[in-house]
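# Tertiary structure, described
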Amino acid sequence: MTMNAGNQRFEKIRHSLPDGIVASSDSHVLRAYSQDLWPRKMIEIREQGPDPEPAMDLVLWPENAAQISDVARWAVRMDCALYPYGAGSGVCGATTADAGEPRPRVVVDLKRMNCVRSIDRKSMTAWVEAGIIGENLERHLNQEGLTLGHFPSSLYCSSLGGWLATRSAGQLSTKYGKIEDMVLSLECVFADGTVAETARAPRSAMGADWTQLLLGTEGTLCFFSAACVLVHPLPEKRVGLSFETPDIRTAMEFARMALQAGLRPAALRIYDPLETSLTLSRAVLKESGFGGGAAIVAQFEGGAAVTDAGAGELLRMAPLAGARRIGDQLAQHWWEHRYDISYKQQLIMSHGRMILDTFEVAATWDKLQAVYEAVKNVNIGFGIVLAHLSHFYHAGANIYFSIVAHAGLTPDVPARYDSIWSDVMRAAEGAGATLSHHHGVGRLRREWIMRERADWMKIFLKVKNGFDPENHLNPGKMGG
Ligand SMILES: Cc1cc2nc3c(=O)[nH]c(=O)nc-3n(C[C@H](O)[C@H](O)[C@H](O)COP(=O)(O)OP(=O)(O)OC[C@H]3O[C@@H](n4cnc5c(N)ncnc54)[C@H](O)[C@@H]3O)c2cc1C
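Residues numbered from 1 in each chain as written. Predicted model: local features only at pLDDT ≥ 70, side-chain atom pairs only at ≥ 80, totals over all residues. Heavy atoms only, no water.

A few words on the environment of Pro 273. Its location among the elements puts Pro 273 in helix H11 (residues 273-279). The exposure class assigned to Pro 273 is partly exposed, which follows from its relative accessible area of 33%. Put simply, Pro 273 and Val 76 are 197 residues apart on the chain and 54 Å apart in space, counted from C-alpha to C-alpha. Leaving out residues up to four positions away in the same chain, Pro 273 has contacts with Gly 293, Ala 294 and Tyr 372. (Helix = DSSP H or I, 4+ residues; strand = E, 2+ residues; numbered from the N terminus. Buried < 20%, exposed > 50% of the residue type's maximum accessible area, 1.4 Å probe, protein only. Contact = heavy atoms within 4.5 Å.)

Here it is in structure tokens:
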């Protein structure tokens, strides 16, 4: 390990590191671990240059739950703040430290914990260590003829632990569910070093559901060291369908009818007219016979008979809901390019003074159109707001807004970013949405979770105090 000489917080702990754990305090390493992919930080660095010093003091790479437990006990002894870390693909600053945190700041990266421990083909479950990167997990399962069914756009750069900690949602969520639907049991390491596993049963009424209580808490209550997840056979058949509707309202109604009739396409995506025209391939739209309005892509997969039945029923419903079938080239094109768009964002962000972020909310069907209109009508200055819907439920859906703006003549671009965020959040909140569907809270929505869940956050802080009384785990997050 190289020493980060001169840093007083680090000097306090340099002689006491837990035995046998790989560690680094190299300044390049620390700098890499001092941020995640929160666009605000990227804008700040672009406009103002990098911070003079990295925000973190030490990175540790434990290899098993026992080593995480040693780290947790050591952190209590040495009074350190611990920041659980998966792959750093979070977009809300959830892995980052507050400038005011006075204790040594230690990142605990779980990437060395990347094994598929076992697969149970009878129960169709797999025990997987939490640091595994999504792509590697999926490849491993595919070699066994299986899939997890979880495909966030960040599949290649996010980990199982990060998914669990942020309540992640993948592109095929309408069939396979979100991460919380895929977990049977969690292996957790708590702030006092206790290692415990939640109930490993398809369901239990032995008191509260601890698995669901811990998911989405962004490393503030415990580390996830491993999880038992549900797996499925690789699909026998896939059918992609494309439709168009004159407007987004009709498209939402079509989706509502389908979901409430019990259909579960693996993917269902509705693009509003602006996002359709700016992000979908013009050539493919033309080839598909798209005539304008909102574009819809549906994909069914699974056993051949069930897949055909689902696709057939959606085709039957489409004209009743005012949707016109167009050429399936659009669905095919979406499938082949489904990971492309997220990586194009860097292109826009590399232009000075540009602001780009995504804002994913959810609402019940009765409020969805109002949420859409409220956010679309926000005056963001020089810029546009695109929208698509990609996760659907019996009772509602999410809307994924992309905000592309130019800061104009404002000297302080990060401040402009903050004011745009406040305006869109306020609009969505006022129309009755929950302010994150799957990206989570982090530092970005810290104040907003205290507004949206005011009473519950008071209770959460008591829970946090019980689990981690000295606030060693990811301080400054979730209201803590
Ligand atoms: C291009 C791009 C596309 C994206 N697309 C999607 C998408 O489709 N769906 C989606 O849900 N998200 C998406 N995201 C957001 C991001 O990938 C998810 O939030 C993901 O779940 C984060 O995983 P990670 O391993 O990178 O976690 P990190 O960013 O490392 O951490 C996120 C949070 O989880 C905590 N944490 C991490 N590991 C553990 C652990 N083992 N135990 C306890 N706490 C832990 C951290 O402390 C932090 O609070 C996207 C991000 C990018 C950059």
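Time to look at the pattern of salt bridges. Applying the stated criterion across every chain, the model contains 34 salt bridges. Between Glu 301 and Arg 238 there is a salt bridge, and its shortest N-O distance comes to 2.8 Å. Here Arg 238 lies in strand E12 (residues 237-245) and Glu 301 lies in strand E14 (residues 294-302), a separation of 63 residues in the sequence. Owing to a relative accessible area of 6%, Glu 301 belongs among the buried residues under this scheme. Through salt bridges with shared partners, a single ionic network connects Arg 40, Lys 41, Glu 44, Asp 51 and Asp 418. (Salt bridge = Lys/Arg side-chain N within 4 Å of Asp/Glu carboxyl O.)

Time to look at unusual backbone geometry. A positive phi angle is found at Met 124, which is not glycine, with a value near 55°. Within the fold, Met 124 resides in the loop between strand E5 (116-120) and strand E6 (125-129). Despite not being glycine, Arg 353 shows a phi value in the positive range, around 70°. The partly exposed category is assigned to Arg 353, whose relative accessible area is 24%.

With that settled, the discussion passes to the nonpolar core. Counting 73 residues, the largest nonpolar core has Trp 74, Leu 160, Leu 164, Leu 186, Leu 214 and Phe 224 as the members making the most contacts within it. Among residues more than four places away in sequence, those in contact with Trp 74 are Ile 13, Ser 16, Leu 17, Pro 18, Leu 58, Leu 60, Cys 80 and Val 106. With 65 residues, the next largest nonpolar core counts Ala 298, Val 361, Val 385 and Phe 392 among its residues. (Core = buried A, V, L, I, M, F, W, Y, C linked by side-chain atoms within 4.5 Å.)

A few words now on the domain arrangement of the protein chain. Each assigned domain of the protein chain is listed here: domain 1 (8-111), domain 2 (116-233), domain 3 (237-338) and domain 4 (341-444). Put simply, the middle of domain 2 and the middle of domain 3, counted by C-alpha atoms, are 29 Å apart. Taken together, the contact pairs 6 residues of domain 2 with 11 residues of domain 3. Summed over both partners, the interface of domain 2 with domain 3 comes to about 740 Å²; 54% of that surface belongs to carbon and sulfur atoms. (Domains from an automatic or database assignment. Buried area = accessible area lost by both parts, 1.4 Å probe.)

On to the environment of Arg 167, then. Structurally, Arg 167 is set in the loop between helix H6 (160-166) and helix H7 (173-176). Using a relative accessible area of 33% as the deciding quantity, one classes Arg 167 as partly exposed. Remark: the alpha-carbon pair of Arg 167 and His 439, spanning 272 residues in sequence, is separated by 7.6 Å. If sequence neighbours within four positions are ignored, Arg 167 has contacts with Ile 179, Glu 180, Gln 212, Leu 215, Gly 216, His 437 and His 438. Among the polar contacts made by the side chain of Arg 167, one reaches the side chain of Glu 180 at a distance of 3.4 Å. (Polar contact = N/O pair within 3.5 Å; in protein donor to acceptor, adjacent residues only side chain to side chain.)

In this sheet, strand E17 (residues 382-389) lies alongside strand E13 (residues 267-271) in antiparallel orientation, the contact comprising 2 bridges. Across the sheet, Ile 270 pairs through a bridge with Leu 389, a residue of E17. Between E17 and strand E18 (residues 396-406), which pair antiparallel in sequence order, lie 6 residues. (Pairing = 2+ DSSP bridges.)

Structurally, Pro 62 is set in the loop between strand E2 (58-61) and helix H4 (65-78). Note: C-alpha distance between Pro 62 and Leu 110 (48 residues apart in sequence) is 6.4 Å. Once residues lying within four places of it in the same chain are set aside, the contact partners of Pro 62 are Ile 21, Gln 67, Ile 68, Val 108, Asp 109, Arg 112 and Met 113.

Attention shifts here to the site of the ligand. Within the structure, the ligand sits among 35 residues, and Pro 84, Ser 89, Ser 154, Ser 159 and Ala 169 are positioned closest to it. For the ligand, an oxygen atom lies 3.0 Å from a polar atom in the backbone of Ala 87. The contact in question runs from an oxygen atom of the ligand to an N or O atom on the backbone of Gly 162, over 3.3 Å. For the ligand, whose free accessible area comes to 970 Å², the fraction covered by protein is 96%. Going through the elements one at a time, strand E3 (81-85), H6 and strand E10 (222-230) are the ones with two or more residues in the shell around the ligand. (Near = heavy atom within 4 Å. Areas by Shrake-Rupley, 256 points an atom, 1.4 Å probe, with all protein chains shown as cover.)

Turning to the packing of helix H10 (residues 248-260) against helix H13 (residues 304-320), a few remarks are in order. Interhelical geometry of H10 versus H13 gives an angle of 140° and a closest axis separation of 10 Å. Judged on the interaxial angle alone, H13 and H10 are oblique. The handedness of the crossing between H10 and H13 is right-handed. Only Leu 314, Met 317, Ala 318 and Leu 320 of H13 make contact with H10, whose side of the interface consists of Phe 254, Met 257 and Ala 258. Taken together, the residues of the contact of H10 with H13 break down into 7 nonpolar, no polar and no charged. (Axes fitted to C-alpha atoms, helices over the stretch in contact; angles between N-to-C directions. Parallel < 35°, antiparallel > 145°, perpendicular 65-115°, else oblique. Left-handed = near helix turned anticlockwise from the far one by under 90°. Nonpolar A, V, L, I, M, F, W, Y, C, P; charged D, E, K, R; others polar.)

Let us now look at the sheet that holds strand E4 (residues 105-109). Taken in spatial order, the 4 strands make up an open sheet running E1-E2-E4-E3, and their pairing is mixed. Strand pairing shows two members of the sheet lacking a second neighbour, strand E1 (22-24) and E3, which therefore form its edges. Between one strand axis and the next, the sheet turns by 25° as a mean value, whatever way the strands run. This element, H4, spans E2, E3 and E4 of the sheet and lies at about 150° to E2.

Turning next to the sheet that holds strand E15 (residues 324-326). The strand order E15-E12-E14-E13-E17-E18-E16 describes an open sheet built from 7 strands, whose pairing is antiparallel. At either margin of the open sheet sits one strand with a lone partner, and together these are E15 and strand E16 (354-364). Direction aside, neighbouring strands of the sheet carry axes that sit 25° apart on average. Pairing analysis gives 11 bridges linking E16 to E18, with the strands arranged antiparallel. Within E18, the position partnered with Ile 355 by the bridge is Ala 405. Packing against the sheet, H10 makes contact with E12, E13, E14, E17 and E18, and its axis sits at approximately 165° to E13. Set on the sheet, H13 makes contact with E12, E14 and E15; between it and E12 the angle comes to about 10°.

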